[in-house]
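The chain contents come next:
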Amino acid sequence: MVKTLVTSSLESTWPKSGKIIFLGKWCCLFDRKDKWSKLDYQISNFHWDDRNKFQSDFIKLETTYEEFLNELHPYLNKLHKKKYSKRFWRILIGPWLYTSINIIYDRWFMLQKVISEEGELNKSIYKDYKTALVSSDMDDFNSKIETDQWNEALYSLIINKIYKSNFCINFLDCKKEMLPKESELEENFFLKFLKKISNKLANIFSKDSDVFIISSHLSLYKQFLLSLKLNQFPAFRFKDENKLKINKELSERDLGLPFSLGNTDEFNLVLNKTLMHLIPQSYLESFEILLKKTQVQGWPENPKSIFTSNAYNSDDKFKLWAGLKVERGSKLVIGQHGGNFGMTPMAIHESHQIEIADSWLSWGWKNPEKNNINPVGNFKSSFKVAKHSPSGSILLAGMTLPRYSYYLYCVPIASQVEAYLNDQIKFAKCLPNEMLKYLKVRLYSLDRGWNQRNRWESNFPRHISFDNNKKKLINSFKNCRVFIGTYNATTYIEAFSANMPTILFWNPNHWELNNLTKSLFLNLENEKIFHSTPESAAEHLIKIWDDVDSWWFSANVQKSVKDFKKTFSKQNPHVLNSIKSCLTS
């Protein structure tokens, strides 16, 4: 009997009977278990569960990215009648290009894998799937790639372009379920108004030669002081949230790319047929509209330097404007905007930032192979010692990542996130009831369909309470005796910087480290700060529960934390002067 392939959690594409192959765990939502658990199904193994394959694929895809950028930038110049440099196009389209290449490879490989295992398959596909792939700009693209609708459409595209002969296709009429969902997040009207006024004041009082600052990751107070040190008006600029609208005049995307890389690599041929279906309209049909918007927004003509920590990725107006200014000699400075940077052997978004920046400001780490990295120190943290309660709660901070893979770096990918979430449950189950009642869980602000709260409540219907994740993390420290960090990113660095008693645990196979970082984590592990299993972390917490502070403030533990901070959260009392030097030199 021919099996039916299911590629997303959109249940309208599921068969009503027969054997099912779910392409991955992303198809099986936690809160729909009563539905899918009753089906005759199997789940295909995720290819990047083999992390050796993940590492070799990462290297290959970095090369592919550079090859396609080499071909795309002259193609887009010709299309738009421009003569921009490769660096300009890297700044503008780089985040989209490397993300799309990583995504298409994953979706293609999983389809290829299941076809080789099963042969002929059934598949339900919506007739008008191509429209679901269209995004107006990079913001829209980043939002859509996490959705079931967009990913269902991408699988449909690859099947129709590459594997049509391997499937018996049932075409479906478009249903409401397949239509893109509008964001429910609406910014506070008063806050929106204040940002608009601030942007206007910045345009009025700034000089054309001032250092341009936007999305710097500095506090408003620190940015104010930095402006004074630069002898310029303290301008506070905020991202223009007015979206580009979808342009109904679609270019000839179905024709594929008009160039060949001169080899017969199968994946390159797949990219040639699919990549242009994913390009945001701001780089293609609406490029001139975007260009005109950057010309009338009132930003300076000749900034000496441009400083950002966040706008490099999805703010197309900023990226196009910054690219133009870099063409004319302005210096692009990018600041570190979170933890994990400098720690891993593979991170395409980190490599991209360092490549486009004249100067990249780290929180303390260096790379001898990259001369443009300046270890100015952690400019986000106040390093104010946290006031905590020695008899307080256990604060556990969790996170989520998209259910579908996106750009590659050393984190749990796609279905591996479920194993990460299950490790947190394992940790809690190891605690005795008298400790469990002290556990307070800080859910991640983006749920992404992982049903974080339901997972906790179904396992611990009486004992678990939840922290207010809308307030700052450091404010949550006040009522807890120990912080539990479960992922390698910003939260535990905040805890270390505030000298908050901290225990860490995560699966090191999903959070690979480079050699520099391994030695520092080994020190943390020796002092029982870091644990590679939830059981080990829980065992240590039970042991020190009655006097956490005596353990945390012991000489060896404090030294281990201090040594770690020297590299990844350096306290520099003159950090603003260091940033000024990078902006003006």
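Attention in this report is confined to the structure presented alongside it. As the structure is a prediction and not an experimental result, all values here were calculated from the model.

**Remarks on the side chain of Gln281**
Of note, Gln281 is situated in the loop between helix H8 (266–274) and helix H9 (287–295). Residue Gln281 is classed as buried on the basis of its relative accessible area of 0%. The contacts of Gln281, once residues within four sequence positions are left out, are Val134, Ser135, Ser136, Lys245, Ile246, Asn247, Leu250, Arg253, Ser286 and Phe287.

**Some remarks on the packing of helix H18 (residues 515–526) against helix H21 (residues 555–568)**
Running from N to C, H18 and H21 cross one another at 155°; their axes reach a closest spacing of 9 Å. The orientation of H18 with respect to H21, classified from their angle, is roughly antiparallel. When the axes of H18 and H21 are compared, the crossing they make is left-handed. Across from Leu516, Thr517, Leu520, Phe521, Asn523 and Leu524 in H18, the residues of H21 making contact are Ser560, Val561, Asp563, Phe564, Thr567 and Phe568. The class makeup of the residues in the contact of H18 with H21 is 7 nonpolar, 4 polar and 1 charged.

**Re helix H19 (residues 534–544)**
Among the residues of H19, Pro534, Ala537, Ala538, His540, Leu541 and Ile544 are the ones counted as buried. Viewed end-on, H19 has its buried residues packed into an arc of 160°, placing them on one side of the element. Exposed and oriented more than 90 degrees from the buried face of H19 are Glu539 and Lys543.

**Here we look at the nonpolar core**
Membership of the largest hydrophobic core comes to 183 residues, with the highest contact counts inside it found for Trp96, Trp456, Phe477, Tyr492, Leu541 and Ile579. Examining the composition of this core, we find that 18 residues originate from one element, helix H3 (residues 86–118), more than from any other. Other than its neighbours up to four places away in sequence, Phe477 contacts Ala386, Lys387, His388, Ser389, Leu395, Phe483, Ala495, Ala498 and Met500.

**Remarks on the environment of Leu278**
Tracing the sequence through the fold places Leu278 in the loop between H8 and H9. Using a relative accessible area of 0% as the deciding quantity, one classes Leu278 as buried. Here Leu278 is in contact with Trp96, Ser100, Ile104, Leu133, Ser135, Phe141, Trp150, Leu154, Leu157 and Arg253, once residues within four sequence places are set aside.

About the criteria used
- Residues numbered from 1 in each chain as written.
- Predicted model: local features only at pLDDT ≥ 70, side-chain atom pairs only at ≥ 80, totals over all residues.
- Heavy atoms only, no water.
- Helix = DSSP H or I, 4+ residues; strand = E, 2+ residues; numbered from the N terminus.
- Buried < 20%, exposed > 50% of the residue type's maximum accessible area, 1.4 Å probe, protein only.
- Contact = heavy atoms within 4.5 Å.
- Axes fitted to C-alpha atoms, helices over the stretch in contact; angles between N-to-C directions.
- Parallel < 35°, antiparallel > 145°, perpendicular 65-115°, else oblique.
- Left-handed = near helix turned anticlockwise from the far one by under 90°.
- Nonpolar A, V, L, I, M, F, W, Y, C, P; charged D, E, K, R; others polar.
- Arc of directions from axis to C-beta.
- Core = buried A, V, L, I, M, F, W, Y, C linked by side-chain atoms within 4.5 Å.

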